[in-house]
Amino acid sequence: MKVQYPLKKAADIKEIKESLKPFGGRCAKIVDGTLEYQIKEENEKPLTKP
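Fair warning: this is a prediction, and the values are worked out from it, not measured in the lab.

Conventions and cut-offs
Residues numbered from 1 in each chain as written. Predicted model: local features only at pLDDT ≥ 70, side-chain atom pairs only at ≥ 80, totals over all residues. Heavy atoms only, no water. Helix = DSSP H or I, 4+ residues; strand = E, 2+ residues; numbered from the N terminus. Buried < 20%, exposed > 50% of the residue type's maximum accessible area, 1.4 Å probe, protein only. Core = buried A, V, L, I, M, F, W, Y, C linked by side-chain atoms within 4.5 Å. Contact = heavy atoms within 4.5 Å. Lys, Arg positive; Asp, Glu negative; His and termini not counted. Salt bridge = Lys/Arg side-chain N within 4 Å of Asp/Glu carboxyl O. Polar contact = N/O pair within 3.5 Å; in protein donor to acceptor, adjacent residues only side chain to side chain.

J.: Is there a simple way to explain unusual backbone geometry in this structure?
T.: Only a minority of non-glycine residues have a phi that is not negative, and only a minority of peptide bonds are not trans. Positive phi values are uncommon outside glycine, yet Asp-32 reaches one of about 50°. Structurally, Asp-32 can be placed in the loop between strand S2 (25-31) and strand S3 (34-39). Judged by relative accessible area, Asp-32 falls into the exposed class, the value being 77%.

This is the structure in structure tokens:
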């Protein structure tokens, strides 16, 4: 699953990648002031209510 977040200020992509590792984030990049990254499918939370 790909997610995108707008950046409010300049960011260090290496620092962001390290922060995302525990959550299964991968392929992080900054495009036009937006952080884009993918989450491994097995780390996605189901959208259904318990």
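Read on, since the account is not over.
J.: Help me understand the nonpolar core in this model?
T.: In summary, soluble globular proteins display a tendency toward joint burial of nonpolar side chains. Core analysis: the largest hydrophobic core is formed by seven residues, namely Val-3, Ile-16, Leu-20, Ala-28, Leu-35, Tyr-37 and Ile-39. When contributions to this core are tallied by element, the ones reaching two or more residues are helix H1 (13-20) and S3. With three residues, S3 is the single largest residue contributor to this core. Ignoring any residue separated from it by four or fewer positions in sequence, one finds Ala-28 in contact with Ile-13, Lys-17, Leu-20, Leu-35, Glu-36 and Tyr-37.

J.: Before we go on, may I ask you to explain the side chain of Glu-36 in this structure?
T.: Mapped onto the elements, Glu-36 comes out in strand S3. Salt bridges are absent for the buried Glu-36, whose nearest opposite-charge side chain, Lys-2, sits at 4.2 Å. For Glu-36, the side chain forms a polar contact with the side chain of Gln-4, separated by 3.0 Å. Beyond its immediate stretch of four places on either side in the chain, Glu-36 contacts Lys-2, Val-3, Gln-4, Cys-27, Ala-28, Lys-29 and Val-31.

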